[in-house]
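# Overview (structure and organization)
Each chain is listed here by its residues.
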Amino acid sequence: MTIQIISYDSSTLEKCMNGITVSEFTKPRSLDEFDINIVDLRHANLWTSDSMEIKTINKILDFDSLKMMLDNACKTTTVIVFPQNTMYRYYKGHDGKYLKTTEIRHILPLLVAKIISRVLPAVVPEQKCSLLYENTVTVIDGMEYKASFNFMDISVQDILLKSKGSAKSAIIQPHKRFIITTLEIFANDRAVVTFLKGCGLITEKEEYPQWLIDYNFLDDTELNNSITTEKAVIKDAENKINIAHKGLEKNLEYKSILFTSGADLVKTVFMILEEILEIDLSEFEDTKKEDFFIPINDATEYIGEIKGVNTNIKKTYVSQLDVHYQTRTDELIESGVKKNTKAILIINTLRNTPPSDREPSHKDPILLAQRNQSLIIDTITLLNIYEFFISGRLSSMNCIDMFNSEIGLLTETVIKKYISN
């Protein structure tokens, strides 16, 4: 039996409610997750209002939200616990203190009509919750529960239990899924459970001894063997599902280059480059210049930019790439080293648009890249390269040959020149 208590202040109840979920008015869990929900209206700080008139409380919107949840719950049974005779404080002054107070026993009609009615489910009429101030004790399974108020003019079929001696009604059930009480039921978890048993919401069943469970009868052995077998099947299926989920998560990480930008994009692009080029970029130091510098062999190296943008390819991106290229070639000339340096722009264009809806790249930046002998690879194409690589149709040597030889915008048509069938 699962139970949730919804209260103004969960901290005061959590210490003494073992095995019972305690939530606050501001963040209750779904009512139908539990067999029983208990709405606690007792907390003194709940009965405060900044207003000058006795007509509301500061948490009235939480009452409205909770009422909507009660109206839409389908399976659970809910117990609404009315307050004891606490103080109603209202008319907040400039110093933060309340200027007026009254015991709620003096404002019962207003309390029910203006405030409590806002939390009552639609199937519980307000008139069934009319209250009379009178201190009583109700005994449930030997445990005494005190109440400051009793229900007036209640039909016999709505009464669950009566108080000791005076036979007043402190527990009513105006609807099959709702019980309302004025009893103080929250002394501890045992008091709550005893109350719920007294209302018929919890029934006790004697626990069977282990020897009875182990005693073989009819087809017990076959049934137990079937359970063991099917559990093994379920475990195997769960393992396969977990592996599949991990695969999907890994695929999503690769696919993220169609959406991400900045460091996230660079990280995933590096993962792909390391695989398809069989290199290690773990020691690459970001000096806030180029995004990557890859020595392929003694004669060849790649230098490049990785961008995630909301636009299409621009000439400025290609020009920025050429600045890195020219800087590197100057360094090589100064050091007297001869190398083939290839400038590569890896770019995620129109990153907030689905790939199928992305517009083709403009010609001008592609022509500029061709003039600069640089290569542009959009992230859609990079994923295609990776798929061909994983399928074995494109080797690392193929990728290096392609990156060395091609200029302008790399397309799937161009890639197919390098793949093996």
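For the structure itself, look to the data block above.
The present account deals with the structure reproduced in this document. These numbers were taken from a predicted model, which means no experiment stands behind them.

The strands that make up a sheet pair up through hydrogen bonds in the backbone, lying either parallel or antiparallel. Strand order across the open sheet formed by 7 strands is β2-β1-β3-β5-β12-β11-β10, with mixed pairing between neighbours. Sheet topology places β2 (21-24) and β10 (159-162) at the edges, where each strand pairs with a single neighbour. Sheet twist, expressed as the mean angle between neighbouring strand axes with direction ignored, is 20°. Both strand β5 (residues 77-81) and strand β12 (residues 178-181) contribute to a ladder of 4 bridges, which runs parallel. Following the sheet pairing, T78 is matched in β12 by F178.

This part takes up the sheet that holds strand β6 (residues 87-92). The strand order across the open sheet built from 3 strands is β4-β6-β7, with neighbouring strands paired in mixed fashion. Each end of this open sheet is capped by a strand with a single partner; those strands are β4 (48-49) and β7 (98-103). In terms of strand pairing, β6 meets β7 through 5 bridges, oriented antiparallel. Bridge pairing in β7 links Y90 to K100.

All right, on to the packing of aromatic side chains then. Applying the stated rule across the entire model yields 8 aromatic pairs. A network of ring pairs unites the aromatic residues F25, W47 and F63 as a single cluster.

This part takes up the pairing of strand β16 (residues 375-378). Here β16 shows no split at all, with L375 and I377 on one side and I376 and D378 on the other all buried. Bridge count between strand β15 (residues 340-348) and β16: 4 bridges; the pairing is parallel. If you follow I346 over to β16, its bridge partner there is I377. Sheet analysis places β16 next to strand β17 (residues 408-409), joined by 2 bridges and oriented parallel. Each bridged residue has a counterpart across the sheet, and for L375 the counterpart in β17 is G408.

This part takes up the side chain of T48. Within the secondary structure layout, T48 lies in strand β4. If near-sequence neighbours (up to four positions away) are discounted, T48 is found in contact with I57, N58, R89 and Y98.

A word on the pattern of salt bridges. If you walk through the whole model with that rule in mind, you get 17 salt bridges. Measuring nitrogen to oxygen at the nearest pair gives 2.6 Å for the salt bridge that ties E103 to R105. For R105, a relative accessible area of 31% puts it in the partly exposed group. Between K250 and E253 there is a salt bridge, with its nearest N and O atoms 3.6 Å apart. You can see K250 and its partner E253 sitting in helix α6 (residues 220-255), 3 residues apart, about one turn around the helix. Each of E301, R328, E331 and K339 takes part in a single network of salt bridges with overlapping partners.

Residue position: A369 is located in helix α9 (residues 363-371). Given a relative accessible area of 0%, A369 falls into the buried group. When the C-alpha atoms of A369 and I306 are compared, they prove to be 15 Å apart, with 63 residues separating the residues in sequence. For A369, the residues in contact, after removing those within four places along its chain, are V318, S374, I376 and G408.

Here we come to the nonpolar core. Judged by nonpolar contacts, the single largest core of 39 residues is most densely connected at I276, L277, I385 and F403. For this core, the secondary structure elements donating two or more residues are α7 (262-277), β13 (292-295), β14 (300-308), β15, β16, α10 (379-390), α11 (396-405) and α12 (412-415). The element best represented in this core is α7, accounting for 9 residues. Residue contacts for I385: discarding those within four places in its chain leaves I276, I377, L394, C399, M402, F403, L410 and I415. Membership of the second largest hydrophobic core comes to 36 residues, among which are I80, Y90, I107 and I154.

What counts, and where the lines are drawn
- Residues numbered from 1 in each chain as written.
- Predicted model: local features only at pLDDT ≥ 70, side-chain atom pairs only at ≥ 80, totals over all residues.
- Heavy atoms only, no water.
- Pairing = 2+ DSSP bridges.
- Helix = DSSP H or I, 4+ residues; strand = E, 2+ residues; numbered from the N terminus.
- Axes fitted to C-alpha atoms, helices over the stretch in contact; angles between N-to-C directions.
- Phe/Tyr/Trp six-rings, centres within 6.5 Å; stacked < 30°, edge-to-face > 60°.
- Buried < 20%, exposed > 50% of the residue type's maximum accessible area, 1.4 Å probe, protein only.
- Contact = heavy atoms within 4.5 Å.
- Salt bridge = Lys/Arg side-chain N within 4 Å of Asp/Glu carboxyl O.
- Core = buried A, V, L, I, M, F, W, Y, C linked by side-chain atoms within 4.5 Å.

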